There are 2 protein chains.
Amino acid sequence: MLKDYVHAEMPDEDELKAKLKEERAHLSASQMKLKEAGLPVMVLFEGWNAAGKGAVIGKVIRNIDPRFFKVATMDREPNEEEMRYPFLYRFIKEIPEAGKFRFFDTCWMEEIVDGVIYDSIDKDTYKQRVHSINVIERQLCDNGYLVIKFFFHISKKEQKKRLSSLLDSKDTRWRVDAEDLFQNKHYNKFLDVYERYLEDTNQSRAPWYIIDASDKKYAELQVLQFLNQGIDVALKNRKMNVPILQNTFPMARIPKLSDISLEDKVMTDEEYDVTLDILQKRLRDLGNKVYRKKIPVIVAYEGWDAAGKGGNIKRITEALDPRDYVVEPIASPEPHEKARHYLWRFWTRLPKTGHVTIFDRTWYGRVMVERLEGFCSENDWQRAYNEINEFEKELKDWGAVIIKFWVQIDKDTQLKRFNDRKNTPEKQWKITDEDWRNREKWDQYETAIDEMIEKTSTAFAPWHILESVDKKYARIKALTIVIDEIERALKER
Amino acid sequence: MLKDYVHAEMPDEDELKAKLKEERAHLSASQMKLKEAGLPVMVLFEGWNAAGKGAVIGKVIRNIDPRFFKVATMDREPNEEEMRYPFLYRFIKEIPEAGKFRFFDTCWMEEIVDGVIYDSIDKDTYKQRVHSINVIERQLCDNGYLVIKFFFHISKKEQKKRLSSLLDSKDTRWRVDAEDLFQNKHYNKFLDVYERYLEDTNQSRAPWYIIDASDKKYAELQVLQFLNQGIDVALKNRKMNVPILQNTFPMARIPKLSDISLEDKVMTDEEYDVTLDILQKRLRDLGNKVYRKKIPVIVAYEGWDAAGKGGNIKRITEALDPRDYVVEPIASPEPHEKARHYLWRFWTRLPKTGHVTIFDRTWYGRVMVERLEGFCSENDWQRAYNEINEFEKELKDWGAVIIKFWVQIDKDTQLKRFNDRKNTPEKQWKITDEDWRNREKWDQYETAIDEMIEKTSTAFAPWHILESVDKKYARIKALTIVIDEIERALKER
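Residues numbered from 1 in each chain as written. Chains lettered and ligands numbered in written order. Predicted model: local features only at pLDDT ≥ 70, side-chain atom pairs only at ≥ 80, totals over all residues.

S.K.: Report on the domain arrangement of chain A, specifying residues and quantitative values.
M.R.: All names here are of chain A. Domains assigned within chain A are domain 1 (13–236) and domain 2 (258–492). The distance between the C-alpha centroids of domain 1 and domain 2 comes to 39 Å. If you look at the interface, domain 1 gives 16 residues, while domain 2 gives 17 residues. At 6 residues, helix α5 (residues 123–142) tops the list of elements feeding residues into the side of domain 1 that touches domain 2. Split into classes, the residues belonging to the side of domain 1 that touches domain 2 amount to 8 nonpolar, 4 polar and 4 charged. (Domains from an automatic or database assignment. Contact = placed C-beta atoms within 7 Å. Helix = DSSP H or I, 4+ residues; strand = E, 2+ residues; numbered from the N terminus. Nonpolar A, V, L, I, M, F, W, Y, C, P; charged D, E, K, R; others polar.)

S.K.: So what's going on with the packing of α5(A) against helix α15 (residues 378–398) of chain A? Which residues, and what values?
M.R.: Between two packed helices, the angle of one axis relative to the other and the distance separating the axes together describe the packing. Residues and elements named next belong to chain A. At their nearest, the axes of α5 and α15 sit 11 Å apart, and the two run at 150° to each other. It follows that α5 is roughly antiparallel to α15 by the angle criterion. In this structure, the crossing between α5 and α15 has a hand that is left-handed. Residue-level inspection shows Q128, S132, V135, Q139 and D142 of α5 in contact with α15, the latter providing R383, E387, E390, E394 and D397. Counted by class, the contact of α5 with α15 contains 1 nonpolar, 3 polar and 6 charged residues. (Axes fitted to C-alpha atoms, helices over the stretch in contact; angles between N-to-C directions. Parallel < 35°, antiparallel > 145°, perpendicular 65-115°, else oblique. Left-handed = near helix turned anticlockwise from the far one by under 90°.)

S.K.: Hey, could you go over the interface of chain A and chain B for me, with residue numbers and the actual values?
M.R.: The partner chain B presents 37 residues to the 37 residues of chain A that form the contact. The dominant element in the side of chain A that touches chain B, judged by the number of residues it contributes, is helix α11 (residues 309–317) of chain A, at 4 residues. Residues that form the side of chain A that touches chain B fall into these classes: 14 nonpolar, 7 polar and 16 charged.

S.K.: Now, about the pairing of strand β1 (residues 41–47) of chain A: what can you tell me, with residues and values included?
M.R.: Residues and elements named next belong to chain A. Counting buried positions over the 7 residues of β1 gives 7, a clear majority of the element. Where burial is concerned, the two faces of β1 agree: the one with V41, V43, F45 and G47 and the one with M42, L44 and E46 are both buried. In this sheet, strand β4 (residues 146–153) lies alongside β1 in parallel orientation, the contact comprising 7 bridges. Bridge assignment links V43 to a residue of β4, and that residue is I148. (Buried ≥ 20, exposed ≤ 12 C-beta atoms within 10 Å, placed from the backbone. Pairing = 2+ DSSP bridges.)

S.K.: Mind laying out the nonpolar core, listing which residues take part and the relevant values?
M.R.: In terms of nonpolar packing, the biggest core is built from 119 residues, with V43(B), F103(B) and V299(B) touching the most fellow members. Residues from two domains meet in this core; each of domain 1 (13–236) and domain 2 (257–492) of chain B gives at least three. (Core = buried A, V, L, I, M, F, W, Y, C linked by C-beta atoms within 7 Å.)

S.K.: Residue-level account of helix α9 (residues 216–236) of chain A, with values.
M.R.: Within an α-helix, residues lying three or four positions from one another point in the same direction, as the helix has 3.6 residues per turn. Residues and elements named next belong to chain A. Between its terminal C-alpha atoms α9 stretches 31 Å, which fits the 30 Å expected from 21 residues at 1.5 Å a residue. Of all the positions in α9, only A219, E220, L221, Q222, V223, L224, L227, I231 and A234 are classed as buried. Where α9 is buried, its residues contact α1 (13–37), β1, α2 (53–60), β4 and β5 (208–212). (Expected span 1.5 Å × (residues − 1).)

S.K.: Tell me about unusual backbone geometry, and please be specific about residues and values.
M.R.: With phi around 65°, T106(A) is a residue other than glycine that occupies positive phi space. Tracing the backbone shows T106(A) in the loop between β3 (101–105) and α4 (108–117). In this structure, D119(B) is a non-glycine residue whose phi angle is positive, near 60°. Here D119(B) lies in the loop between α4 (108–117) and α5 (123–142). Using a count of 7 C-beta atoms within 10 Å as the deciding quantity, one classes D119(B) as exposed.

S.K.: Describe the relation of the copies chain A and chain B, listing the residues and the values that go with them.
M.R.: The operation relating the two chain copies consists of a rotation about an axis and a shift along that axis. Each copy superposes on the other: chain A lies on chain B with an RMSD of 0.0 Å after a rotation of 180° and an axial shift of 0.0 Å. Expressed as an axis order, the relation between the two copies is that of a two-fold axis. Scanning chain A for the C-alpha nearest the rotation axis identifies E334(A), at a separation of 3.5 Å. A share of 100% of interface residues in chain A that are also interface residues in chain B marks the association as one of identical surfaces. (Least-squares fit on C-alpha atoms with pLDDT ≥ 70 in both.)

S.K.: Lay out the environment of Y301(A) with the relevant residues and their values.
M.R.: Residues and elements named next belong to chain A. Its location among the elements puts Y301 in strand β6 (residues 297–303). Owing to 26 C-beta atoms within 10 Å, Y301 belongs among the buried residues under this scheme. Measuring from C-alpha to C-alpha, the distance between Y301 and C376 comes to 22 Å, with 75 residues separating the pair along the chain. Beyond its immediate sequence surroundings of up to four residues, Y301 is in contact with K309, I313, I358, F359, D360, R361, F405 and V407.

S.K.: Let's hear about the packing of helix α10 (residues 269–292) of chain A against helix α19 (residues 471–492) of chain A: which residues, and what values?
M.R.: All names here are of chain A. Where α10 contacts α19, the axes come no closer than 10 Å and their chain directions differ by 30°. Here α10 is positioned roughly parallel relative to α19, judged by the angle of their axes. The interaxial crossing formed by α10 with α19 has left-handed handedness. Mapping the contact onto sequence places Y272, T275, L276, L279, Q280, R282, L283, L286, K289 and V290 in α10 and K472, I476, L479, T480, V482, I483, I486, E487 and L490 in α19. Within the contact of α10 with α19, the residues separate by chemical class into 12 nonpolar, 3 polar and 4 charged.

S.K.: I'd like to hear about the sheet that holds strand β2 (residues 69–73) of chain B, residue by residue, with values.
M.R.: All names here are of chain B. One open sheet accounts for 5 strands, arranged β2-β3-β1-β4-β5; its pairing is parallel. The two strands at the open ends of the sheet, each matched to only one other strand, are β2 and β5 (208–212). Pairs of neighbouring strands in the sheet enclose a mean axial angle of 20°, with direction left out of account.

Printed below as a string of structure tokens:
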């Protein structure tokens, strides 16, 4: 795309001026529509060093109220802390809220291109990352984001000229670093890698716009034009439904809830005490190994109210070093969370390598409570199964152990426990009116859960059912599964 | 305190067991009271390496529901990113929410002691940091936090024994690092520094508890006893008022609002255009210098509704490199913000060194809207003046430029602008019912603002009044002040 890219002819001075004025006013007028529509706009500036990305960002934002945008400067290598998360993590942290702009001064492209040039990522990693980027860009679009990608293009000669001119003055010399000079020297090598990346990530919903950056004013005009046009289209599409993608992940077979026998899933106290002790010791050792081998572990709990999630989680955490794990209780999203991609609050709560995060309720709220209470549209939750599988695949590819538990009880057991909670002062905090309301929707929930388990039991992150009429049984089963999965991961290293 | 510390006698095996059981149950029962009372509990574990801090944390949390606590592992040097913030930053980020525990596996003590031992901080810095710690611990307590500090004490001999035993086994060898051995070798040097720090930070509201850590079970018992006792006392004190401290900061004199003349504070369009251009160019240069010299800049805007904050801010940001600044619009706090110290959401929004953060409304909400709307108690906002001065002093000592603007108009001007907004479709988003309601309270606000300006115009962070009946005048004045303040800071470097 880059090599055979033909510059559109630059308008003459007067026309340029007139058009700039028009486009600036247009953008300025759009910001309120954007705010009202709750449209989040993510603008990625990539391209050659010294192509003027920063300067154009500086011009573009002059038309926007400072309350409505932020600039994310990602043009640097990830630091040590960030290296312990999936490579997308530091970018996803920065995605805008509904109704706001976020301008990325370089984004995931730059990191990958550098990786290829400096040989820090191999071919397979490149492929995997490009895939991850295509997935996340599509997911963002599907979830109502406008994603606009600019590639700032200048020739080798122009780049050289700019770098020389910066080096000429004492005041601007500091802006040039060794990497800039390296890039100019190896312009053609970079060109190949840029070219390939642009082609690999040129999606219809998040297409590339190549900006002729040889003239600064003209570059600004092009950016404004594409940006305004993108916003206008996106505003018209606000309520559009998105195609539901076919599942392409290998799936595991898990029975329907009604086919799960809860009988005989019991354990004597003696058996429990002895087994618990052995398993917790085993898990303690594995916890240390996981820490040393820097494996991230994610344990996700879902289950009926009063199924015994809390106590079950505790038997896991008791075996772990408190410095190495965290339990994330998930309630309904706060405003700043609701204003972003629904997976954002989970992305930002991921464990770093060597650590364990246990989610007490999870991203599956999307296809359960949010579905049933109408907190998202049908198209939203229908789409979510695949989006969640993609999310988990991303984590798996990163090297995470993912364990998903459904804690299962029957309706009578729930009633017994609700009443017990109601009648026991120390337990009353655990029971709310909402629990009783949810109970009335048991059958609807069961349908949703069956669908969820069927559609998200991928081979790499299947659901595990914990039969929990006898809580002891469920705890031992959970420990066994966690141990098995960690051991498997350790062997694969 | 440490050198002349006499161990209480350890109870015998049976008594220890019985007491442990009792204290564990006590803690377990406390967690719900804590949740109901909204009491945040911050527990700091400091002390000798290999004294068993982690192990005891592990034991203590077994009595708490995993949803109600987190462990913050701070036992490492700050990373590059964290080094660009005030040294308290990475700890304050981790303070608990109301109703929850946060266990710090080492906290600010460890960093400072290491600094002294390894000569990375000098005497003055030590003093300053100890002062900062005393201030923040007192502020946390005053704002309803329970802060409990444990020092885990073992003898040189005991430490050596433990390290040797860890080194003996292949499975535990990795737990010992060079620093542990260094500490044991230089035990007495560390003892001196620990001793001094404990004395320097032993405050009545956040006292030190020295834990005899020679026996693990006994250490656990002591921790549980002090923790339970602390919680019981704190729960009884929930509604206690806190003494208002006398101001000890040097103050600047700023007139009352009613004494500020708004007449003649005008500017012709021509004058404005020329001056704006000159000043913005000047600020652009200074912005680069600030970036290169790694000076953090904080600009805080407060002012009447429709006073022209937005446009004023824009004239500043237009002159800055978009990669180096961020505008933080401050609305009412979200639930996770309301659940913490009211300055937490500002601490976590600080610029890093070399960057500019512009706050569009600020922490002064505490003594304006929160005061007038009763969102906090009278004791809360009375105390806030000093807390805010301390906060700003902390930032100043860190090296920040702090500029506080009050954007001033008269009541008639506001009415004119409100009506203009109401009648102009593109401006309607700027005017809400709340604005009209606030307008009715003009006089109450004026009283509060006068008091605020009087009590928080410290010599190091005075208020600047921007007379904004003519917005042009106010913008030029703001630019001039920002330029002056930055130039002053550059000279002081």
